[in-house]
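# Structural features, examined
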Amino acid sequence: MAHSSEGSTHPRTAARAVLVAVHLPDADDLEFRSSVEELERLVSTLGYRTIATITQARSHLEAAAVLGEGKLKELGDLTGGDGHIGTTAPKRKDKARLKREAAVDASDDEDADDAEDEQDEPSSSKVELVAVDHDLSPSQARNLERATGAQVLDRTGVIIEIFHRHAKSREARLQVEIARLNYTAPRMRESPGGKERQQGRGAGEAALELDRRKVRDRVAELRQELEAVQRDQDVRRSHRRQARRIALVGYTNAGKSSLMRALTGSDVYVENKLFATLDTTVRALHPEPKPRILVSDTVGFIKKLPLDLVASFKSTLDEALEASHLLHIVDASDPSWNAQLEVTHDVLSEIGAGDVPATLVMNKIDRLAPEELARLRALCPDAWFVSAHDPADVAKIRERIITLFEATYVEEELMVPYTRQAVLSEMHDSGRVAAERYEENGIFVTYRAEPETIARFKSRLSK
Ligand SMILES: Nc1nc2c(ncn2[C@@H]2O[C@H](COP(=O)(O)OP(=O)(O)OP(=O)(O)O)[C@@H](O)[C@H]2O)c(=O)[nH]1
Ligand SMILES: [Mg+2]
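In this text the structure is predicted, and so the values were computed from the model without any measurement.

Thresholds, definitions, all that
- Residues numbered from 1 in each chain as written.
- Chains lettered and ligands numbered in written order.
- Predicted model: local features only at pLDDT ≥ 70, side-chain atom pairs only at ≥ 80, totals over all residues.
- Heavy atoms only, no water.
- Near = heavy atom within 4 Å.
- Polar contact = N/O pair within 3.5 Å; in protein donor to acceptor, adjacent residues only side chain to side chain.
- Areas by Shrake-Rupley, 256 points an atom, 1.4 Å probe, with all protein chains shown as cover.
- Helix = DSSP H or I, 4+ residues; strand = E, 2+ residues; numbered from the N terminus.
- Nonpolar A, V, L, I, M, F, W, Y, C, P; charged D, E, K, R; others polar.
- Pairing = 2+ DSSP bridges.
- Axes fitted to C-alpha atoms, helices over the stretch in contact; angles between N-to-C directions.
- Parallel < 35°, antiparallel > 145°, perpendicular 65-115°, else oblique.
- Contact = heavy atoms within 4.5 Å.
- Phe/Tyr/Trp six-rings, centres within 6.5 Å; stacked < 30°, edge-to-face > 60°.
- Buried < 20%, exposed > 50% of the residue type's maximum accessible area, 1.4 Å probe, protein only.
- Core = buried A, V, L, I, M, F, W, Y, C linked by side-chain atoms within 4.5 Å.
- Salt bridge = Lys/Arg side-chain N within 4 Å of Asp/Glu carboxyl O.

### Thoughts on the site of ligand 1
With respect to spatial proximity, 23 residues lie near ligand 1, and among them Lys-256, Ser-258, Ala-276, Thr-277 and Asp-366 are the closest. A distance of 3.2 Å separates an oxygen atom of ligand 1 from a polar side-chain atom of Ser-387. Contact with the protein chains covers 91% of the free accessible surface of ligand 1, which is 650 Å². The dominant element in the shell around ligand 1, judged by the number of residues it contributes, is helix H9 (residues 256-264), at three residues. Here the shell around ligand 1 is composed, by residue class, of six nonpolar, 11 polar and six charged.

Now the structure itself:
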């Protein structure tokens, strides 16, 4: 698969993680594998090296511990936990009983052993993170923590943690902090270390309630701060509203920032990791056409993007909403590009950008075999096929972007009096001056621009 080797780029000394995934009947094989692989990349973005993946085919997610008893024990062996979800340590088992359990695990249909488990580490290594490729209830997470002795995060938790570590702008930081507190509040528990035992259970619960209230107050405080920041942003944005702009949107790692770099000559951050970009960047298309066109690079989407984060990133993505056109970037070399395309469509409709005109850009074609490229071209005849790494392709995209805007142009002749030559120079910046005729009363300009732009100049010149 396209990214299979990229998740383990960490040195052997990096903190270790074990992945847990349940293969539910509604997921096909490719879906399941790419989801696990994506989780590995997410965990890698957090700085962990995945040493093993525990997978299990089941008909549903078991309420208490996600995994069946045998798999849970296997997980415990890997992490150094006892593999039990009870609060007390299990009784020492005799060999015969262990054998019996192993047999039950292997023969049980529901908990069918999956041959996919990969292990490249002795079981004694300390594992710091167990990442589960499903949403966990707070009690499931707690149970798994008990069984493994490691920190347990579900997909949402991993994604929030990445956003938390990497968000840079004030707005993004506030938004992530809110999402993070909302995620952790229900997962808070009475502080460990026997506080309850000393003070009695009631006191522990009261302390927990107090902590939760503090979290709620903090969230309210952060929301107020966020509103203030957003008011500021809106003022700044309204200055840009006139500008012609496109937004690069798409699945994480599709190559949005690479295209942004190439199209604008800027040095935005590009990296082969998920969620390299968390803030929107706006730059002018370069070399600059007249009028100039602004390009926004946006945060990438991912499947099961926590709703809370979609909501909180809505304002970051509002940039995309303001664009007159979206370039929907797809990593054509990823076997699950189609599913990724769906996810982006869904999130765009969720944030109300479903109707913004969009062009599909199939990126990374340098990684495709000629037959595969031909197949995709036939499948998506209207898409632009490019490699962000190929300057000729980038030049082609630039021309096409300009054409996109000029398609909405209309032509009209305007008369600019000799005393208003400043207006003429503004007209040059906002559209195309096709011809100029110097007459007695002024300059007759054959002008091509957007209808609103023409109307604006006409009204100014009539005053
Ligand atoms: N081979 C190849 N690699 C590409 C191409 N475009 C981007 N990449 C690589 O893909 C990886 C991700 O690129 P980015 O531009 O950071 O992707 P992004 O869509 O901005 O990702 P996020 O910010 O995480 O959402 C980087 O390693 C790029 O070098 C391409 O056309 N061909
Ligand atoms: Mg990016």
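### Brief notes about the sheet that holds strand S7 (residues 281-284)
If you trace the six strands from one edge of the open sheet to the other, you get S7-S8-S6-S9-S10-S11, paired in mixed fashion. Whereas interior strands pair on both sides, the edge strands pair on one side only; in this sheet they are S7 and strand S11 (384-385). Pairing of strand S6 (residues 244-250) with strand S9 (residues 325-331), which is carried by five bridges, proceeds in the parallel orientation. Residue pairing for S9: Val-249 is matched across the bridge by His-328.

### Things to note about the packing of H9 against helix H14 (residues 391-406)
For the pair H9 and H14, the least separation of the axes is 10 Å and the interaxial angle reads 80°. Accordingly, the angle class assigned to the pair H9 and H14 is roughly perpendicular. Listed contacts from H14 to Leu-259, Ala-262 and Leu-263 of H9 are Val-394, Ile-397, Arg-398 and Ile-401. Residues that form the contact of H9 with H14 fall into these classes: six nonpolar, no polar and one charged.

### Regarding the packing of aromatic side chains
Inspection of the entire model under this criterion finds two aromatic pairs. Ring centres 6.3 Å apart and planes at 20° place the aromatic pair Tyr-418 and Tyr-438 in the stacked group. Taken together, the residues span a long stretch of sequence, with Tyr-418 in the loop between strand S12 (410-417) and helix H15 (421-430) and Tyr-438 in strand S13 (residues 432-438) at a distance of 20 residues. Residue Tyr-418 is classed as partly exposed on the basis of its relative accessible area, which comes to 32%. Between the aromatic rings of Tyr-447 and Phe-457, the centroid separation amounts to 6.0 Å while the plane-to-plane angle is 80°, which identifies the pairing as edge-to-face. In this pair, Tyr-447 sits in strand S14 (residues 442-449) while Phe-457 sits in helix H16 (residues 451-461), placing the two residues 10 residues apart along the sequence. Pair check on accessibility: Tyr-447 and Phe-457 agree, each one buried.

### Comments concerning the nonpolar core
Grouped together as the largest cluster of nonpolar side chains are 44 residues, with contacts concentrated most on Leu-42, Val-43, Ile-159, Phe-163, Phe-275 and Ile-302. Those elements giving two or more residues to this core turn out to be strand S1 (16-23), helix H1 (29-45), strand S4 (129-132), helix H5 (155-166), helix H6 (170-184), S6, helix H10 (307-312) and helix H12 (337-350). Ranked by size, the runner-up nonpolar core spans 22 residues in total, among them Val-22, Leu-67, Val-130 and Ala-150.

### A short note on the pattern of salt bridges
Within this structure, the stated rule accounts for 19 salt bridges. The shortest N-O distance in the salt bridge between Glu-411 and Arg-448 comes to 3.5 Å. Here Glu-411, found in strand S12, pairs with Arg-448, found in strand S14; they are 37 residues apart in sequence, far enough to count as distant. Judged by its relative accessible area of 27%, Arg-448 falls in the partly exposed class. Notably, a salt bridge pairs Arg-437 with Glu-439, separated by 2.9 Å at the nearest N-O pair. Residue classification places Arg-437 among the partly exposed residues on the basis of a relative accessible area of 37%. Given the relative accessible area of 34%, Glu-439 is considered partly exposed. Each member of the salt-bridge network shares a partner with another, and the members are Glu-38, Asp-133 and Arg-155.

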